[in-house]
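# A look at the structure
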Amino acid sequence: MNTKEILIRKLQDKTARIGILGMGYVGMPLAVVFAEAGFNVLGIDPDRRKVDTFNKGISYIQDVPTETVARLKKEGKLNMTADFDALKDMDAVSICVPTPLRQTGDPDMSFIVSATEQLAKYVHKGMVIVLESTTYPGTTRELALPMLTEKSGLKAGEDIFICFSPERVDPGREDFTTYNTPKVMGGITKDCGDVGAAWYGGAIKTVVPVSSAEAAEMAKLLENTFRMINIGLVNELAMMCERLGVDVWEVIDAAATKPFGFMKFTPGPGLGGHCIPIDPLYLSWKMKEFNYNARFIELASEINTNMPRYVVARVLDAMNDRGKVLKGSKVLVLGVAYKPDIDDVRESPALDVIALLKKKGANVSYHDPYIPQIHHEDEDWKMQTVPDVMKSVKESDVVVIVTNHKVYDYKAILDSASFIFDSRNALGKIARENPKVVKL
Ligand code: SAJ
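Residues numbered from 1 in each chain as written. Predicted model: local features only at pLDDT ≥ 70, side-chain atom pairs only at ≥ 80, totals over all residues. Heavy atoms only, no water.

## Structural notes on the overall build of the protein chain
- A tally of regular secondary structure across the protein chain gives 14 helices and 15 strands.
- With respect to the principal axes defined by its C-alpha atoms, the protein chain has extents near 80 × 50 × 45 Å.
- Counting the 440 residues in the protein chain, one finds 52% classified as buried.
- The long-range fraction of contacts in the protein chain, counting pairs at least 24 apart against all pairs at least 6 apart in sequence, stands at 68%.
- A total accessible area of about 20,100 Å² is found for the protein chain, and carbon and sulfur atoms account for 53% of it.
- When the 54 positive and 58 negative side-chain charges of the protein chain are each reduced to one mean point, those points stand 2 Å apart. (Helix = DSSP H or I, 4+ residues; strand = E, 2+ residues; numbered from the N terminus. Buried < 20%, exposed > 50% of the residue type's maximum accessible area, 1.4 Å probe, protein only. Contact = heavy atoms within 4.5 Å. Areas by Shrake-Rupley, 256 points an atom, 1.4 Å probe, with all protein chains shown as cover. Lys, Arg positive; Asp, Glu negative; His and termini not counted. Charge placed at Lys NZ, Arg CZ, Asp CG, Glu CD.)

What follows is the structure in structure tokens.
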């Protein structure tokens with residue numbers, strides 16, 4: 001049997017040792033899925049706090065229950081270490097590290113580079129490596145492949161097998177999990193792809209093989225670029241409808257009754273999170289290499305980035321219409337997480353809305369049950385959530401609903417507030433024709 005056949009045999013009989021490099025919101029659920037499938041899994045993460053928490057049998061990831069961690073650890077199926085030299089004993093390694101943007105707006109590849117550099121020290125014949133981090137098309141072939149083969153002299157597709165398989169984790173979602181979300185898999189060579197599919201196919205419900213790593217990288221970027229552009233479209237539609245005197249929320253709900261050929265997106269104060277505002281810019285950045293200007297991405301990004309400014313301009317206008325002055329007014333921002341019902345504030349447009357309101361001289365406070373404090377890095381200010389939301393609602397001149405968490409009692413808020421700007425249509429029908437409410 002050749003190296004590929006021997007490795008596939010070890011993957012199929014679950015004797016292959018699995019390493020997950022980067023045990024965050026992607027790596028930890030993936031490690032659990034492999035462990036539950038019967039593999040012996042080692043999570044490798046340089047953050048010793050994560051390792052220590054895990055070694056106490058406690059989960060630090062929202063989607064992975066502590067009892068799961070404790071059980072798999074007790075059964076010896078899942079362990080964690082901060083020492084990269086454990087990689088020398090691994091047969092299969094998934095790289096699940098962040099791919100943020102630099103301040104310049106360019107891709108920050110430093111996490112992928114350092115993880116691959118560590119792995120390159122221990123890569124050996126009969127190893128499969130799968131990169132999961134969302135990145136520009138070509139990363140696996142142009143960056144990971146040379147780092148893993150040039151010094152080692154190992155040949156991809158014969159001695160080692162290198163693939164890309166985009167992560168599709170949506171933190172907090174319960175219907176679609178790492179196990180039951182179809183997983184796209186593309187190799188540097190066909191043999192690479194076969195080995196990657198054999199590995200993941202032994203633990204994940206559906207593996208979708210594609211012809212190359214680039215096809216897999218591009219599929220992920222299409223998924224999130226599709227969202228970003230359509231959110232940009234409805235945000236522009238909101239600006240059009242405001243000029244036309246038409247209720248954009250009614251228009252979208254009406255369009256959404258079309259049972260085919262339409263997908264509902266809703267306008268809002270901007271684009272938050274660590275995926276949607278960022279992933280498409282990896283694609284537009286790469287296309288510059290081909291002197292190709294990704295116009296849809298740039299236009300949608302411009303519209304989405306401008307939404308916080310548009311929201312504040314609308315608040316200013318609405319207060320002016322009521323003979324009120326924003327400067328010196330008490331403004332309560334309701335909800336600052338980047339999307340409803342989660343505790344993540346990364347890239348949240350709420351931070352920009354608050355910064356702009358402050359610049360207008362408003363006396364701004366916020367409430368968010370999931371976010372005890374916020375820190376605006378560029379302007380370097382910190383705020384704590386107000387403790388009593390209804391007391392603050394009553395005391396405010398204007399309440400700006402930025403993130404429509406389900407936990408809020410919107411009827412009570414409507415009754416108690418003197419004026420509300422609703423950027424999410426959180427009040428819905430209860431606000432119909434109410435002079436106290438202006439919607440995006
Ligand atoms: N947003 C809108 N209008 C919409 C949808 C979203 O303004 O119609 C805003 C949200 O408020 C948020 C941002 O866009 O600020 C991103 O929201 P999102 O629903 O896309 O949620 P994310 O960022 O958590 O995206 C993740 C992605 N998952 C992965 O990349 C693996 C995305 O592909 C999923 O489709 C998305 O979750 C999901 O569906 O929940």
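Next comes the rest of the description.
## Considerations on the site of the ligand
- Every one of the 19 residues lining the ligand counts as a neighbour, but D170, N224, R227, T266 and Y338 are closest to it.
- Separating an oxygen atom of the ligand from a side-chain N or O atom of K339 is a distance of 2.9 Å.
- Note that an oxygen atom of the ligand is positioned 3.0 Å from one of the side-chain N or O atoms of R424.
- With the chains in place, 86% of the 730 Å² that the ligand exposes on its own is no longer accessible.
- Looking at side-chain class alone, the shell around the ligand contains 7 nonpolar, 4 polar and 8 charged residues. (Near = heavy atom within 4 Å. Polar contact = N/O pair within 3.5 Å; in protein donor to acceptor, adjacent residues only side chain to side chain. Nonpolar A, V, L, I, M, F, W, Y, C, P; charged D, E, K, R; others polar.)

## Let's talk about helix α6 (residues 139–149)
- Counted residue by residue, α6 has 8 buried out of 11 residues, so it is predominantly covered.
- Here the buried face of α6 lies against α5 (110–122), β5 (127–131), β6 (160–164) and α8 (213–244).

## Observations concerning the pattern of salt bridges
- Applying the stated criterion across every chain yields a total of 28 salt bridges.
- Residue R102 is joined to D108 by a salt bridge in which the shortest nitrogen-to-oxygen separation is 3.7 Å.
- For R102, a relative accessible area of 43% corresponds to the partly exposed category.
- A relative accessible area of 12% means that D108 is categorised as buried.
- Salt-bridge contacts for D194 lead to K190; the nearest nitrogen and oxygen are separated by 3.0 Å. Pair noted here: D194 and K190 are both in helix α7 (residues 190–201), with a separation of 4 residues, about one helical turn.
- Here K190 falls in the exposed class, since its relative accessible area comes to 62%.
- The network of salt bridges with shared partners includes K4, K190, D191 and D194. (Salt bridge = Lys/Arg side-chain N within 4 Å of Asp/Glu carboxyl O.)

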